[in-house]
Amino acid sequence: MKKYQHLFFDLDSTLWDYDHNLAQTMEFLFSEFQLNKYFHSPKELQRIYLSQCSDLWRQYYSRKIGRNQMLLLRFLNTLQEIKCNDNDLAQRLTAAHIENTPKQCQLIDGATEVLKELSILYQIHIITNGFTAIQTKKIENCGIKPYITKVFTSEAIRCPKPNKYFFEYALKSLHTSKENCLVIGDNFKTDIQGAQNIKIDAIWFNPEKKKIEDSTTKQISDLKELLSILQLIQ
Ligand SMILES: [Mg+2]
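Just so it is clear, the structure is predicted and the values come from calculations on it, not from any experiment. (Residues numbered from 1 in each chain as written. Predicted model: local features only at pLDDT ≥ 70, side-chain atom pairs only at ≥ 80, totals over all residues.)

**Some points on the domain arrangement of the chain**
Per the domain assignment, the segments making up the chain are domain 1 (6–17 + 107–232) and domain 2 (18–103). Contact with domain 1, which involves ten residues of that partner, is made by ten residues of domain 2. Along the lines of polarity and charge, the residues of the side of domain 1 that touches domain 2 split into four nonpolar, two polar and four charged. (Domains from an automatic or database assignment. Contact = placed C-beta atoms within 7 Å. Nonpolar A, V, L, I, M, F, W, Y, C, P; charged D, E, K, R; others polar.)

Dropping the structure here:
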């Protein structure tokens, strides 16, 4: 008898190639809006944009700012970093970013093949910190939707990973218990420690082979390793 029934995959940088897809979107914005007036390159735009994001997500999750404000501030702050106070441009960049990002379809190597194989034996779900409309479109556009049973987003649950309420909500809505579940994700804090905090098994997808002190966590550097790991325990 197999040990797990439900596999929970993180989306960004676990299945959907966030770095590649973000770079593509930034190149599109850079050329579409002639941002060479403001930035040396799409890479510079991306670097400044990313430097704004984590603090804005923190403010969003602590309810200091709302969804739309958070989305706009990503570009408003990015422009302000280079002394440009163009609110209209920030709004147009925000809208174009929201529309273009889910159209990017590069997946992490092996993602489709692995989901296809595993979906024969397990129910596969997505657990993602992000906005429902955007994450759902990404899943549809990149072709993995047929393998996914449920999508859990922090926006819908109103609470982000690694908060235990996020994981408990997912378990409850599937009428299952933690012993039946396995989490796979690239973010050690939000995915792995989040799962481990409530005693759900987890596998850290660590393609860059980052070092951590905790040597007991199971790690993979290639998604295809999941096939042997999960079929061995049949
Ligand atoms: Mg991730």
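From this point, things continue past the structure.
**Here we look at the environment of serine 173**
Examined against the element boundaries, serine 173 turns out to sit in helix α8 (residues 164–173). Judged by C-beta crowding, with 12 C-beta atoms within 10 Å, serine 173 ranks as exposed. Sequence spacing of serine 173 and lysine 150 is 23 residues, and the spatial spacing of their C-alpha atoms is 9.8 Å. (Helix = DSSP H or I, 4+ residues; strand = E, 2+ residues; numbered from the N terminus. Buried ≥ 20, exposed ≤ 12 C-beta atoms within 10 Å, placed from the backbone.)

**A look at α8**
Counting along an α-helix, one turn takes 3.6 residues, and residues three or four places apart therefore face a common direction. Among the residues of α8, those classed as buried are Phe166, Phe167 and Ala170. Buried residues of α8, viewed axially, fall in a sector of 95°; they line one side. Looking at the buried side of α8, the elements it contacts are β1 (6–9), β2 (123–128), β3 (150–153), α7 (154–157) and α9 (188–197). Two residues or fewer past α8, histidine 175 is found with a positive phi of approximately 50°. (Arc of directions from axis to C-beta.)

**As for the packing of helix α1 (residues 18–32) against helix α2 (residues 42–61)**
Closest axis-to-axis distance for the α1/α2 pair is 9 Å, and the angle between their directions is 115°. Where α1 crosses over α2, the handedness of that crossing is right-handed. Residues Leu22, Ala23, Met26, Glu27 and Phe30 of α1 form the contact with α2, whose own contacting residues are Pro42, Leu45 and Gln46. Residues of the contact of α1 with α2, tallied by class, amount to six nonpolar, one polar and one charged. (Axes fitted to C-alpha atoms, helices over the stretch in contact; angles between N-to-C directions. Left-handed = near helix turned anticlockwise from the far one by under 90°.)

**What about unusual backbone geometry?**
In this structure, the amide linkage connecting lysine 161 to the following residue, proline 162, adopts the cis form with an omega of 10°. Examined against the element boundaries, proline 162 turns out to sit in the loop between α7 and α8. For arginine 158, which is not glycine, the phi dihedral falls at a positive 65°. Looking at where arginine 158 falls in the secondary structure, it is placed in the loop between α7 and α8. On the basis of neighbour counts, which here come to 12 C-beta atoms within 10 Å, the residue arginine 158 falls in the exposed class. Phi at lysine 209 takes a positive value of approximately 50°, unusual for a residue other than glycine. Mapping lysine 209 onto the fold places it in the loop between β5 (201–205) and β6 (218–220). What makes lysine 209 exposed here is the crowd of 7 C-beta atoms within 10 Å.

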